[in-house]
Amino acid sequence: MLRDITIKTASQEIAVETDDSLTLEDVLRTKCIPPNLFQGYTKVGEEMYPIPLNTLIFAIPLEEKIILHCIRNTDLRDVLPQKTLYNRTQNPVVTIPEFNFGNDGCSQIIHELNSDSAKKLVKEKIVDFIKKNSHANVIIVGISGGGDSNTLAQGLKAFTLENPNKQFMFFTIIFEPIWAASAAERALELCLTHSFTHHIYRNKEIENLLEMKESLDNFYKEYCEKFGNHTSHFFGTYLISIVARKLCKQYHTNEYILGFNREDLLSDLLFSLMNGQKPLEFPVRNFGSTRLLMPLWNISKIILDACYPKYSFSNYGERKDNQSTYQRNIIYYLAHSIEAIYPNLGLSLMEGVRKIFIGKWPKLRHEDGLDIFPSEYADSAKLEEVKKFLKKYL
């Protein structure tokens, strides 16, 4: 059954007709309005009665008028689109909203992207980033076969067409259960398509490269015993990082690229700020004399995945359950939620933090010949435990 509801602000009244199976909170969310900006009321005659927003509409008697009243002097016409235009394309995969503000209120343009237009957008950002931030002639590039790093090949290829003296050496790690062999096949296919050198590192190659004292399997097994299977993501990030830095030494360079995207870095930023810590530097981070470049830092994952939809879908299917901590689940959920609340809100926060920390980023110190760079917030006792564990294998 449909019910009439009035959404009331200091500047306007909006009449909506909605299904009575929803709650009052649901109604606001469908209009992209934050529920905590409104109080619910029913009106009987001239009397007003406050009600919570989790009230189901069908539970409100038909003779009672339903009002959702804004609790601040906020004109929704200035913040929510009053007019929508569409920039359409053939075979769209994703859409990007663009808000515009002015005296006539807020309007938006919905940009549809297909895989080709997504690739073009990402390619241009990668080329611009490398022009501004890379100084080495040889750069190591980690490509996992996932949606993010897959986009690096076509972007870096475009850069080499204008800068033929720049060399990019791609590598992929195969290590179950973190990186499947099928992901490496996707990475190899992309590198061959763009004529890049590509190396695949399996257990034995990793053990030789890192000069490990024991097997990689044992390293991972003991890691999981100490820290839990649900922390395997952190093991994977560390492994690909130390392999990349080792390859930098082997190829006499000091730069490497990994496919960290906007929400990756936004989640890290939120975690640091919520815990009272200075965030780590981005989109270029120094590990001693070695520089990590993050050319995808300001691009949303959904756009990156749209570049190769078939590969991205395969990548989703390879993900395992119980490989993430609840803290990581929460912080990624918040990062994506911030971007969903308002277009580019997360990016604006990231840009603001970058300005605040220019010349003030925390330094990462190198520890005891091991390839670890703890921040100033590392607990000394836990750090010693980690160092002891790593020395057994590395």
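Computed from a prediction, not measured in an experiment: that's the story for all the values here.

About the thresholds
- Residues numbered from 1 in each chain as written.
- Predicted model: local features only at pLDDT ≥ 70, side-chain atom pairs only at ≥ 80, totals over all residues.
- Heavy atoms only, no water.
- Helix = DSSP H or I, 4+ residues; strand = E, 2+ residues; numbered from the N terminus.
- Expected span 1.5 Å × (residues − 1).
- Buried < 20%, exposed > 50% of the residue type's maximum accessible area, 1.4 Å probe, protein only.
- Axes fitted to C-alpha atoms, helices over the stretch in contact; angles between N-to-C directions.
- Parallel < 35°, antiparallel > 145°, perpendicular 65-115°, else oblique.
- Left-handed = near helix turned anticlockwise from the far one by under 90°.
- Contact = heavy atoms within 4.5 Å.
- Nonpolar A, V, L, I, M, F, W, Y, C, P; charged D, E, K, R; others polar.
- Phe/Tyr/Trp six-rings, centres within 6.5 Å; stacked < 30°, edge-to-face > 60°.
- Lys NZ or Arg CZ within 6 Å of the ring centre and 35° of its normal.
- Pairing = 2+ DSSP bridges.

1. Some details on helix α6 (residues 216-227)
Because each turn of an α-helix spans 3.6 residues, side chains separated by three or four positions end up pointing in the same direction.
Argument step 1. For α6, built from 12 residues, the straight-helix expectation of 16 Å at 1.5 Å per residue is met to within 8% by its first-to-last C-alpha distance of 16 Å.
Argument step 2. Within the sequence span of α6, burial applies to L216, F219, Y220, E222, Y223 and C224.
Argument step 3. Residue G228 follows α6 closely and has a positive phi angle near 95°.

2. Points about the packing of α6 against helix α7 (residues 232-250)
Argument step 1. One can describe the packing of α6 onto α7 by two numbers: an axis separation of 10 Å at closest approach and a directional angle of 140°. Classified by the interaxial angle, the pair formed by α6 and α7 is oblique. Viewed along their axes, α6 and α7 form a crossing whose handedness is right-handed. Counting all contacts with α6, which are made through L216, F219, Y220 and Y223, the residues of α7 involved are S232, F234, F235 and L239.
Argument step 2. Among the residues making up the contact of α6 with α7, the classes are represented as 7 nonpolar, 1 polar and no charged.

3. Looking at the packing of aromatic side chains
Argument step 1. In the structure shown here, the tally under the stated rule is 22 aromatic pairs.
Argument step 2. Seen in terms of ring centroids, F99 and F101 are 6.4 Å apart; in terms of plane orientation they differ by 65°. Their pairing is edge-to-face.
Argument step 3. Taking the relative accessible area as the measure of exposure, F101 reaches 52% and is therefore exposed.
Argument step 4. Taking the centre distance of 6.2 Å and the plane angle of 35° together, the rings of F175 and F235 count as tilted. Placement of F175 in the loop between β10 (167-173) and α4 (181-193) and of F235 in helix α7 is noted, with a sequence separation of 60 residues between them. Here the two residues F175 and F235 agree in accessibility, since each one is buried.
Argument step 5. Put simply, the rings of F175, F219, Y220, Y223, F227, F235, F389 and Y393 pair up and form one aromatic cluster.
Argument step 6. Over the ring of F196 we find K157; its NZ or CZ atom is 6.0 Å from the centre of that ring.
Argument step 7. Lying over the aromatic face of F287, R245 brings its terminal NZ or CZ to 4.4 Å of the ring centre.

4. Side note on the sheet that holds strand β11 (residues 197-201)
Argument step 1. Here we have 6 strands laid out as an open sheet, ordered β11-β10-β9-β12-β14-β13, and mixed in their pairing. Looking at the sheet topology across the chains shown, the edges are occupied by β11 and β13 (284-287). Adjacent strand axes in the sheet meet at a mean angle of 25° when their direction is disregarded.
Argument step 2. Note: strand β12 (residues 255-257) against strand β14 (residues 290-293), 3 bridges, orientation parallel. Opposite I257, over in β14, you have L293 as the bridge partner.
Argument step 3. Seen against the sheet, helix α3 (residues 150-162) touches β9 (138-142), β10 and β12 and runs at an angle of roughly 165° to β10.
Argument step 4. Sitting on the sheet, α7 touches β9, β10, β11, β12, β13 and β14, and the angle it makes with β10 is about 145°.

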